[in-house]
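# Report on the structure
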Number of protein chains: 8
Amino acid sequence: MSDAKLRKLMEQVAAGELKPEEAMKQYSFSPFEDLGMAKVDHHRSTRKGFPEVVFCEGKTEEQVVKIMQSLVEHHPVVLATRATVEQYEAVKKEIAAAEYNKLARTIVVRKAADEDQPAQNDHGRILILSAGTSDIPVAEEAAAVAEVMGNSVERVFDVGAAGIHRLLHFKEKISDANVIIVVAGMDGVLPTLVGGLVDKPVIAVPTSVGYGSAFEGLAPLLTMMNSCSPGVVVVNIDNGFGAGYFASMINRMK
Amino acid sequence: MSDAKLRKLMEQVAAGELKPEEAMKQYSFSPFEDLGMAKVDHHRSTRKGFPEVVFCEGKTEEQVVKIMQSLVEHHPVVLATRATVEQYEAVKKEIAAAEYNKLARTIVVRKAADEDQPAQNDHGRILILSAGTSDIPVAEEAAAVAEVMGNSVERVFDVGAAGIHRLLHFKEKISDANVIIVVAGMDGVLPTLVGGLVDKPVIAVPTSVGYGSAFEGLAPLLTMMNSCSPGVVVVNIDNGFGAGYFASMINRMK
Amino acid sequence: MSDAKLRKLMEQVAAGELKPEEAMKQYSFSPFEDLGMAKVDHHRSTRKGFPEVVFCEGKTEEQVVKIMQSLVEHHPVVLATRATVEQYEAVKKEIAAAEYNKLARTIVVRKAADEDQPAQNDHGRILILSAGTSDIPVAEEAAAVAEVMGNSVERVFDVGAAGIHRLLHFKEKISDANVIIVVAGMDGVLPTLVGGLVDKPVIAVPTSVGYGSAFEGLAPLLTMMNSCSPGVVVVNIDNGFGAGYFASMINRMK
Amino acid sequence: MSDAKLRKLMEQVAAGELKPEEAMKQYSFSPFEDLGMAKVDHHRSTRKGFPEVVFCEGKTEEQVVKIMQSLVEHHPVVLATRATVEQYEAVKKEIAAAEYNKLARTIVVRKAADEDQPAQNDHGRILILSAGTSDIPVAEEAAAVAEVMGNSVERVFDVGAAGIHRLLHFKEKISDANVIIVVAGMDGVLPTLVGGLVDKPVIAVPTSVGYGSAFEGLAPLLTMMNSCSPGVVVVNIDNGFGAGYFASMINRMK
Amino acid sequence: MSDAKLRKLMEQVAAGELKPEEAMKQYSFSPFEDLGMAKVDHHRSTRKGFPEVVFCEGKTEEQVVKIMQSLVEHHPVVLATRATVEQYEAVKKEIAAAEYNKLARTIVVRKAADEDQPAQNDHGRILILSAGTSDIPVAEEAAAVAEVMGNSVERVFDVGAAGIHRLLHFKEKISDANVIIVVAGMDGVLPTLVGGLVDKPVIAVPTSVGYGSAFEGLAPLLTMMNSCSPGVVVVNIDNGFGAGYFASMINRMK
Amino acid sequence: MSDAKLRKLMEQVAAGELKPEEAMKQYSFSPFEDLGMAKVDHHRSTRKGFPEVVFCEGKTEEQVVKIMQSLVEHHPVVLATRATVEQYEAVKKEIAAAEYNKLARTIVVRKAADEDQPAQNDHGRILILSAGTSDIPVAEEAAAVAEVMGNSVERVFDVGAAGIHRLLHFKEKISDANVIIVVAGMDGVLPTLVGGLVDKPVIAVPTSVGYGSAFEGLAPLLTMMNSCSPGVVVVNIDNGFGAGYFASMINRMK
Amino acid sequence: MSDAKLRKLMEQVAAGELKPEEAMKQYSFSPFEDLGMAKVDHHRSTRKGFPEVVFCEGKTEEQVVKIMQSLVEHHPVVLATRATVEQYEAVKKEIAAAEYNKLARTIVVRKAADEDQPAQNDHGRILILSAGTSDIPVAEEAAAVAEVMGNSVERVFDVGAAGIHRLLHFKEKISDANVIIVVAGMDGVLPTLVGGLVDKPVIAVPTSVGYGSAFEGLAPLLTMMNSCSPGVVVVNIDNGFGAGYFASMINRMK
Amino acid sequence: MSDAKLRKLMEQVAAGELKPEEAMKQYSFSPFEDLGMAKVDHHRSTRKGFPEVVFCEGKTEEQVVKIMQSLVEHHPVVLATRATVEQYEAVKKEIAAAEYNKLARTIVVRKAADEDQPAQNDHGRILILSAGTSDIPVAEEAAAVAEVMGNSVERVFDVGAAGIHRLLHFKEKISDANVIIVVAGMDGVLPTLVGGLVDKPVIAVPTSVGYGSAFEGLAPLLTMMNSCSPGVVVVNIDNGFGAGYFASMINRMK
């Protein structure tokens, strides 16, 4: 509860409009729903500009369904990530509006009334680059998150550093973007290249694509962390969600 | 054998009440049962206040059954952890009183005569917090262990740091607890938060929940190890048993 | 601010005893002193039962002096850890009551009026074991912290596992202790041994003593984390302070 | 060279305004100065919005001086980071306008003519939080970089998670900021907390502050990478420069 | 586009033989085919002397088929590595000339017209040694790659260091080779031995063969990296392709 | 070939008993059989006192069969380790005398004529201790290897450090042994304890038994490496074979 | 105390030859001297065949002197390792017979009466090989320890694998040795080579010699752990003492 | 000794031209000089095409001098790497022809008679690229080694990926080289870029330049190991010597 709201409560108490007990009730109202196994954070939409996103990995189908039902009641659009087909099907049975993106492994539920949807962001475009074909699932997760949050997204896949003319071919698109997400496994050099070309913020996503001393994504993570191009920040290995979310956050800055 | 007991033996020998050979037998009595593949430690109950707990991982069903049979003969309550359904079913065939907690993966066998059971500890409550829904199995293992050892346990799950108002909502419960177990994967920040709020001992349990650079629980383990809140100690990744055991141990201190 | 205090404020407001503005002032009172480079947490004493402890490593002498001056004004006893001789001498110039423990590298400032000092805890003794002679500085830090917090402390050093009769010799002392801190570097096996002998909580402190594949304390840290004795918890490498603090916290439980 | 410029060259060639050889000269003009040991990238200002920043670590004093002289000739403001006092003094001898920030270890050279300076960014404020006092040098590097790039910067230091009321006290400042940099060593939990409170982009900077299993900054790096708060991105350990640069980049987005 | 070609274009423009627009078209011709999920690099053959090699791991069967179809249209010989039987069979349906090497897991497609094939390299022989029998699949991948690139290859398998007379028996073959690839897991000592015997370039390939502290190939990787024999270079764990490619590259030097 | 044998050859040549060509043939006789995929080292028996042992992991059934057939022809007893049931059954079809030890995963083939068997070593007994029940397979591999090499072996399993009286109970057996193998996972403290009790060589075998920060055997490996008891050496994680082999080697010393 | 001795005590008590109190005194006699900071283990000589060896690293000069004085009183020969010149000089002042080996960094004190010295072991020779010149200090520590324990030692240094003929030149010496210690840094391949040549036990000592990815001895440690030659065991990085001690232990087996 | 030489010896023996004893002497001639602490490998020049190179790190000045004196007697050119100024000065006193390269830290001794020097290699040029200014010492070591081995070397420094136009500016030089060495710290992306541009063998050298998660060169090592450009091989961190040596080896192939 903000100080402003609390001061207002106190003034109502001082004015006799509110009894202390009632003021305490309002004060202690908990902006989340307690499902026992989960505390659904309905307040996050206000606090963070987008409702809580359901991370499905490690949750039972029943848990995913219950959490999503709770969210759908209060929010115009609800997103779940890392969802299996089985989790999706369990959700679909209870929430008809649920839609599945198999590549990105996301579930989206949108309310019919479009006016409640996040307004389409008109500030600029988020460009999502992937170094290889195998990095596409992570890139698509980022894209799905950015799109559901109201951004215009463009994808350019398989422009890794082994043939830099492929990247340079898209230089104009890169320059025109407002925010750039770069997804890469193995040596993870693509974010450094892109960061060296333009003055747009680059969000680097290492992936677990590779083998041997790629060590499940450790190699590209370290590469990106040590990027000699300024303007490059990093999220967790395979964290397409985090990149899409952060990109959306800065794309709506004004 | 304690020196006190040995001195007593010697006095009995000196008094002619005991022959040296008999004294030696008593001295060398081995307080364990040798099953070949296992040495069941029947002495642990005396030494540690609770009988040996059977860790089922890596044991065959036959081994689990035999070890539990040996323990059940001597102790009013017997606990096994990390038990699969198959191991439980094998035990159940031989020991009718066996009960399975699927979430916590524990098997408990209690003797009918309640008076032999660990007395309900009346000193205080052990509070078990989990950061996420996926951490619940580890939290439940801790709870099951603490309960079987005679403690009153309260659970509050999914109060991770991304929405701190969920945690603050339970501040009273946290203050009222005698001992607090905090279970968290991914970034593992919850124990630091809880440790900063109250003056109760916090037992932090990192979990393998997470992906990428969580490195199977290494990330939350290191976070907890380096906690800047005093009063936080750490057990092994996913070691709900260890946390529940230690919590019980200090909850009965007086 | 606790809900109880807030409710009281509201009742005072309702009773006209307090104006909303004054209530807000009391509500928003910040229980710390802002020194710019540090926010001294004067509230911690209430919240955690002991004032903020100053960790001197990485702080300039000037910073240490200023923070300690701020603390000394409000608290009967003040503790600083990891202090160099130079830091101590800088403090001593400004705070005559400062005392230095060279082995433990702690500075303690006690107010003259003894009645404000933490009451001597009479519940039991904290026993501090070290595996080797080189582990003594860390063990002494734990001892100094536990003592300044009002506990009776006993030390037994150099009872490592290579000659287990040295440990068994002190078995009575170990059994008589209320809480046991075990400090060990290299292979870090001592906590497992002690944990197997008695039913007292064991707080294991890995040290950076050793060479080669001890990897600056990683080896004993992992040993202790994976201890097969129940009732063992772990703090950070060389963290004598954390062990002493936690031991004191559980030693005063009732 | 952009395609547009090349097309223009070709049109000039077609129109006979330019001979092929001259066109080739313009085409191949290299926008950097070759000092042998360094290729000073004068083009970066155009490409990235700020001239090349000199990373002094591992360079001789002579190298730093020569590179800065080359940059100063072409740019209104020049920045060097990780500069020792010795490197600064060598620069100062040759470039009278050089100024040193001892805490941040930066050298800044500004041309007299203010109109060439980066315009003060009026979009919003960059808030820099540090968890501890020892993290201040890294935080100051971030601040120095953001300021020299034309941003308004606010600092709040030592608000680590062990006493969360210190952080909450500054909640308004946190909410008012446009971009937030959070600098933390040891357990590195502060970015998660801040990220959970507001909807502003959080740039997390792990530091090498800590000891034992902090492993020179690895622990807070992993904590931040695995942050359960969305909207948190990470830069390299102790990389105040990278955080300040990226913050400036997104602070000027519109 | 090389400067020479661009100068020629400009001269044609100057001579009126080419309009600026046509020159721009030729200039901007993108030497890759955009399949959406992949950008097939048809230019690589010119740039690197061999067409792009398809790395099948992490690609769907459909993706592999489409990429190979695109390559087969433009190149006389096409190679895919890390192909499963299923991927091969999907390719075979569409490209009748596809051939599978089960041991090496490679697919090769050769055009009928032999004259377009890479000429048989007559400079020397590439010798491929493996330390153990389990290393053969990696060694065969190297062999398959070297052969398809036109080299004469000889294989000697299972000559590990535990019985050095087996290696010395082949000393003549080793001396006669032009380039030597040494494939080894576990302790990875074979490259050091071979490198100590002859003055031929040794390309060391660590494999994930082994268990325990071989850590999936980390042990032999580090051994080879630290080889005390000069003339030894290293590629990624299990990277038979990289070794075969590099060996071919230096085998055709003159 | 030893110098002594070569000198003898030369003397025969000098005496005209042998022509140079024949001498060269004898000199260059290669004491291994080349199966292509394997070079079976028939010389090892002479050189190392026991024929080459077949490590079955990573080999096809066909490869195992062929290598064993080659060995069986020349040696009275042949051993294979890490054999699956399938590999054993393939061997059994071709070599009727093959026997499988399911627990130890070994295949042994003994020739009928007992006099060719390794003589029973009468110097002393090899004692094999395991810390837990789950460590038994590795301990049994060590036992199987030591037995097939002609040693008398005694097993004592599940005497881990959590209940040290179990270990002390067997102190006499420990003192009577000539060589001791200690197999332990998790914290790996048992070898240090045993090494502290007696003056017999202790061969420590870390196992991958454990979870979380045991990191697949890394924790006990480091514990054992840093053992503070002198007289302890270490072999690879789960390497029962290596321990049994080395124990046999020193047990026959005189 | 052994059971045999205890039984004897009891029989004396039964016979009235000993009062219970006196028996208890003898029983509880602690075979170590308590110096406070150290418990000198005078019993180790009986238990392990050689008195406690003083590891000087991390001990103050005063501590080293006191521990050695205590040992010298009870034992004919006393050894200290990792001693600095300063520690030696402090010892020399108090114990005139102390001798320093600068290369091995050992201090040895021998009593005048030779008959009390460890008898020269006549079973065989311990051969110590080093791969490089920089490995000599570790090799010399091993040699010093083995010699003071009564063994005949031979040294062959700088016979690393880059020039294997240097090793083969000493093949006879290698074959004639009873036990072989192999000291190597960098790639650590020498123990595998030696282990492949002969049937003598090989004790491998990795050293911290090397740079880059040798990672302070981790690389040779892993190489040796994964040695494909049977009969190789490993001690800690730079642990010449451990190798010399173990070699002596098995060299005196009969 | 080669078989051919041995056969010749035998024929001489058969012909009575040589007595067996004399043949044995020739056979056993050891092509190295035994200095005790070092075995100088005079045979390496024949075997590897260049005499043994002295690695000075970890050697005393006296050792370096003696080894170089031994080498200088037999070889026209002698090289030492990683030499300190002190080591150089010690050498210079004894060997007047010694020359020091301070940047590369090499000592070279050339005999006056030029005809004995390695002939200048005329096959092509070795190009040495460095990503940054701080990488120059490692690059210069590579250059010094390649030059002393008779190669023509070109250097282009500070062309890192943050400003790729600097690299592309030198594209012609890159295309003209016969072999390319790429030296880079931090993110280590330069070898991938260069490898993607041309069909020349690329030898990648990671350096320890960087901070934080560069982990002393681990980050660029992993980047290079996982390079997605074919034709890239890797040597140890900071191993300029190894790169220069290998480059020279393949540059003289024909």
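Residues numbered from 1 in each chain as written. Chains lettered and ligands numbered in written order. Predicted model: local features only at pLDDT ≥ 70, side-chain atom pairs only at ≥ 80, totals over all residues. Heavy atoms only, no water.

### Comments concerning the interface of chain E and chain H
Opposite the 34 residues of chain E that make contact, chain H presents 34 residues. Each partner contributes to the roughly 2900 Å² buried at the junction of chain E and chain H, and carbon and sulfur atoms together form 62% of this total. Interface area lost by chain E to chain H is led by Met225, Pro230 and Met253 of chain E, which between them contribute 22%. Counting across the chain E and chain H interface gives two salt bridges. Its salt-bridge partner being Asp199 of chain E, residue Arg252 of chain H comes within 4.0 Å of it at the nearest N-O pair. Taken together, the links from chain E to chain H amount to three residue pairs in polar contact (both at pLDDT 80 or more). Those elements giving two or more residues to the side of chain E that touches chain H turn out to be helix 3 (44-48), helix 9 (190-197), helix 10 (218-225), strand 11 (232-234) and helix 11 (240-251) of chain E. Looking at the side of chain E that touches chain H element by element, the count peaks at six residues for helix 11 of chain E. Residues of the side of chain E that touches chain H, tallied by class, amount to 18 nonpolar, nine polar and seven charged. (Contact = heavy atoms within 4.5 Å. Buried area = accessible area lost by both parts, 1.4 Å probe. Salt bridge = Lys/Arg side-chain N within 4 Å of Asp/Glu carboxyl O. Polar contact = N/O pair within 3.5 Å; in protein donor to acceptor, adjacent residues only side chain to side chain. Helix = DSSP H or I, 4+ residues; strand = E, 2+ residues; numbered from the N terminus. Nonpolar A, V, L, I, M, F, W, Y, C, P; charged D, E, K, R; others polar.)

### Examining the relation of the copies chain E and chain H
Aligned on chain H, chain E shows an RMSD of 0.1 Å; the corresponding rotation is 180° and the shift along the axis is 0.1 Å. The symmetry that links the two subunits is that of a two-fold axis. (Least-squares fit on C-alpha atoms with pLDDT ≥ 70 in both.)

### Re the sheet that holds strand 4 (residues 77-81) of chain A
One open sheet accounts for four strands, arranged 3-4-6-5 (chain A); its pairing is mixed. Of all the strands in the sheet, the pair left with one neighbour each is strand 3 (54-55) and strand 5 (98-101) of chain A. (Pairing = 2+ DSSP bridges.)

### Side note on the sheet that holds strand 4 (residues 77-81) of chain F
All names here are of chain F. Strand order in the open sheet formed by four strands is 3-4-6-5, and the pairing between neighbours is mixed. Strand pairing shows two members of the sheet lacking a second neighbour, strand 3 (54-55) and strand 5 (98-101), which therefore form its edges. Inspection of the sheet shows strand 4 paired to strand 6 (residues 106-110) by four bridges, in the antiparallel sense. From the neighbouring strand, Ala80 faces strand 6, where its bridge partner is Ile107.

### Overview of the pairing of strand 5 of chain A
The side chains of a regular strand alternate, first on one face of the sheet and then on the other. Residues and elements named next belong to chain A. Here strand 5 runs beside strand 6 (residues 106-110); their pairing, made up of four bridges, is antiparallel. Bridge assignment links Glu99 to a residue of strand 6, and that residue is Val108. The hairpin formed by strand 5 and strand 6 contains four residues between the paired strands, and Arg105 there has a positive phi angle of roughly 60°.

### Some words on the domain arrangement of chain A
All names here are of chain A. Domains assigned within chain A are domain 1 (32-110) and domain 2 (121-252). Summarising the inter-unit geometry, the C-alpha centres of domain 1 and domain 2 are found 26 Å apart. At the interface, 13 residues of domain 1 touch 15 residues of domain 2. Across the domain 1 to domain 2 interface the summed buried area is about 1100 Å²; carbon plus sulfur atoms make up 64%. The interface formed by domain 1 and domain 2 holds one salt bridge in total. As a salt-bridge pair, Arg82 and Glu141 come within 3.5 Å of each other at their nearest N and O atoms. (Domains from an automatic or database assignment.)

### Topic: the packing of helix 6 (residues 136-148) of chain E against helix 11 of chain E
All names here are of chain E. At a minimum axis separation of 7 Å, helix 6 and helix 11 run at an interaxial angle of 35°. As helix 6 runs across helix 11, the sense of the crossing is right-handed. Of helix 11, the residues touching helix 6 (which contributes Val138, Glu141, Ala142, Val145 and Ala146) are Gly240, Phe241, Gly244 and Tyr245. Here the residues of the contact of helix 6 with helix 11 are counted per class, giving six nonpolar, two polar and one charged. (Axes fitted to C-alpha atoms, helices over the stretch in contact; angles between N-to-C directions. Left-handed = near helix turned anticlockwise from the far one by under 90°.)

### Considering the pairing of strand 4 (residues 77-81) of chain C
Residues and elements named next belong to chain C. Most of strand 4 is tucked away: five of the five residues are buried. What you see with strand 4 is no split at all: Val77, Leu79 and Thr81 on one side and Val78 and Ala80 on the other are buried throughout. Bridge count between strand 3 (residues 54-55) and strand 4: two bridges; the pairing is parallel. Across the sheet, Val54 pairs through a bridge with Ala80, a residue of strand 4. Tracing the backbone out of strand 3, into helix 4 (residues 61-74) and back to the parallel element strand 4 gives a crossover that is right-handed. (Buried < 20%, exposed > 50% of the residue type's maximum accessible area, 1.4 Å probe, protein only. Right-handed = clockwise from strand over helix to strand, strands pointing away.)

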